[in-house]
Amino acid sequence: MKKYVALALGLVMSLSLVACGPSPEPSQGPADPSQQNTDAPGEKGKIGICIYKFDDAFMTTYRNTLEGILKEKGYEVVVVDGNNDQVKQNEQINTFVTQGVEALIINPVMTSAADQIISTVKDAGIPTVLINREPTADQMSVYDKLVYVGCDAAQSGTFQGELILETENQGDINGDGKISYIMIQGDPENIDAKLRTEYSVKALTDAGKEVEELDLQRGDWDRNKGQEIAQNDLAKFGNQIEVVFCNNDDMAMGALQAIQAAGRTVNKDIYLVGVDALDAALNEVANGNMTGTVLNDAKSQAGKAVECMEGLLNGTTYAPGEQSIYVDYVKVTPENVADFQG
Ligand code: GAL
C-alpha cells in the first residue's frame, strides 16, 4: 500500500507540473496531515458535482474520494445522483447554475449530451471539469474554461490483452492455435467500453495471435448483467471459451460467479480479466480467481480533477485540442497486487 501511495502521489505531482497550469500545490488525499486545511468548512465556496449514477461501483469510490479532497480543502460540496438519466442531470446542472456555484465537476450521463452541457456551463461562465466520460475535442473546444480529466481508455484495453499474452499458454488453453473469447462490454455509448473492447483484442492480434469472438454482449458495467451473460455463454459454448474479457471489474465479479458455478477454474481452464482494480477484484487477483485487472486510478483522477478545477478558478484557460488530461492506468497481476491492496 505504501509503495502504491508513493507511486500515486509521485504520478500526481509529476503530472501537475505539466498539465493543469498554475496550481500552487500537488493534489493530496484528505489523509495527508501536511495538507491539513486551515479554512473553515465551506469557506472556499460551493462546488457542484454531478455523477452519472451513484449505483456504479467504480464511480462510488471516485466520488467519495473527490468529495473528501474538496471538503478537506474547505469547499462546500454538493454531490448529486443523475440516476443514469440525462434529462435529470441537465436539470441538476441548471439548478447548480441558478445557485451560483463556484465550479462544477460533471460525470456526464451521455457523452452525446456534452454539447448541451457545455453550452449551459459556458453561458453561465462556470469553470467546469468533466470526468470519466470523455467528449470529443471538438465538443470541448467551444469553451476555454473547460477541461476533461480521465484516462486513455485504449491503454486499459491494451493492458488487458497483455495480461492474457503473459499467461503460460498466451490465452490458447486448448492449443488449437487461436484464442477464443467472449467480450462483456460496458455501456457501448461510452468511449471506455468501445476502446477497451477494441484494444484488448488488438493487443492479441498485434502479437500475431489468431482470435475467435464467440460472443459480445453489453453488460452496462453491471455485476448482475455480467453474471447473466457469462452464465448463458458458458452454457452455450462450454470449454470453447478460453478468455472472458470484461470491460470492468464489477462485471468480472459477476462473470466469476458464473464461472465458478459452471465448475470452471480461472487460470487453469479459463482466463478472466477486468478493469478498475476494485477491492473485490484485487482480492480475487491475489487468490488466483482472476487473471488480472487494470488499475483505473480514482485517487489520482480525483486529485487531478480538483487541481484542474483550482487552476480554472485561478484563471487558467485551455486551448482547443489541449483539454484532455490523462492519468495512467496500471496493470495489476498476482505479482504486484499487494502494492494496490489497502
Ligand atoms: C469506467 C469504469 C467503469 C464504470 C464507467 C462509468 O471508467 O471502468 O467501471 O465506472 O467508467 O462511466
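Structure shown above.
Since the model is a prediction, treat every value here as computed from it, not as a measurement. (Residues numbered from 1 in each chain as written. Predicted model: local features only at pLDDT ≥ 70, side-chain atom pairs only at ≥ 80, totals over all residues. Heavy atoms only, no water.)

With respect to the site of the ligand
- Near the ligand you find 13 residues, and of these Asn-132, Arg-133, Asp-192, Arg-196 and Asp-276 are the closest.
- Take Asn-248: an N or O atom from its side chain is 2.9 Å from an oxygen atom of the ligand.
- Asp-276 places a side-chain nitrogen or oxygen 2.6 Å from an oxygen atom of the ligand.
- Notes on the ligand: free accessible area 310 Å², of which the protein chains cover 99%.
- Elements that contribute at least two residues to the shell around the ligand include exactly helix 2 (57–72) and helix 7 (191–206).
- Per-class residue counts for the shell around the ligand are four nonpolar, four polar and five charged. (Near = heavy atom within 4 Å. Polar contact = N/O pair within 3.5 Å; in protein donor to acceptor, adjacent residues only side chain to side chain. Areas by Shrake-Rupley, 256 points an atom, 1.4 Å probe, with all protein chains shown as cover. Helix = DSSP H or I, 4+ residues; strand = E, 2+ residues; numbered from the N terminus. Nonpolar A, V, L, I, M, F, W, Y, C, P; charged D, E, K, R; others polar.)

Looking at unusual backbone geometry
- Of note in the backbone geometry, Asn-84 takes a positive phi value of approximately 60° without being a glycine.
- With respect to the helices and strands, the residue Asn-84 is situated in the loop between strand 2 (76–81) and helix 3 (86–99).
- A positive phi angle, close to 65°, is found at Asn-132, a residue other than glycine.
- Note on placement: Asn-132 falls in the loop between strand 4 (128–131) and helix 5 (137–140).

A look at the nonpolar core
- Leu-66, Leu-70, Val-129, Val-244 and Leu-272 are the most contacted members of the largest nonpolar core, which totals 61 residues.
- Met-183, Leu-204, Phe-245 and Tyr-271 belong to the second largest nonpolar core, which has 21 residues in total. (Core = buried A, V, L, I, M, F, W, Y, C linked by side-chain atoms within 4.5 Å. Buried < 20%, exposed > 50% of the residue type's maximum accessible area, 1.4 Å probe, protein only.)

Topic: the packing of helix 6 (residues 153–165) against helix 7
- Relative orientation of the contacting elements helix 6 and helix 7 amounts to 35°, with a least axis distance of 7 Å. The two elements helix 6 and helix 7 meet at a crossing, and its hand is right-handed. Contacts from Ala-153, Ala-154, Ser-156, Gly-157, Thr-158, Gln-160, Gly-161, Glu-162, Ile-164 and Leu-165 of helix 6 reach helix 7 at Ile-191, Asp-192, Leu-195, Arg-196, Tyr-199, Ser-200, Ala-203 and Leu-204.
- Split into classes, the residues belonging to the contact of helix 6 with helix 7 amount to nine nonpolar, six polar and three charged. (Axes fitted to C-alpha atoms, helices over the stretch in contact; angles between N-to-C directions. Left-handed = near helix turned anticlockwise from the far one by under 90°. Contact = heavy atoms within 4.5 Å.)

Concerning the sheet that holds strand 9 (residues 271–273)
- Taken in spatial order, the four strands of this open sheet run 7-6-8-9, and their pairing is parallel. Two strands close off the open sheet at either side, each with one partner strand: strand 7 (210–218) and strand 9. Pairwise comparison of adjacent strand axes, ignoring direction, gives a mean angle of 20° for this sheet.
- Examined bridge by bridge, strand 8 (residues 243–246) and strand 9 share three bridges and lie parallel to one another. (Pairing = 2+ DSSP bridges.)

Some words on the packing of aromatic side chains
- Tallying each qualifying case throughout the model produces two aromatic pairs.
- Between Phe-58 and Tyr-62, the aromatic rings sit 6.0 Å apart at their centres with planes inclined by 80°, giving edge-to-face as the arrangement. Of the two residues, Phe-58 and Tyr-62 are both situated in helix 2; the distance of four residues between them amounts to about one turn of the helix.
- Given a relative accessible area of 6%, Phe-58 falls into the buried group.
- Given a relative accessible area of 0%, Tyr-62 falls into the buried group.
- On the basis of an interplanar angle of 75° and a centroid distance of 5.6 Å, the ring pair of Tyr-181 and Phe-245 is categorised as edge-to-face. Taken together, the positions of Tyr-181 in strand 6 (residues 178–185) and Phe-245 in strand 8 put the pair 64 residues apart, joining distant regions of the chain.
- The residue whose ring lies beneath Arg-63 is Phe-54, and the NZ or CZ to ring-centre distance is 3.8 Å.
- A cation over a ring is seen here: Arg-133 above Tyr-52, with NZ or CZ 3.7 Å from the ring centre. (Phe/Tyr/Trp six-rings, centres within 6.5 Å; stacked < 30°, edge-to-face > 60°. Lys NZ or Arg CZ within 6 Å of the ring centre and 35° of its normal.)

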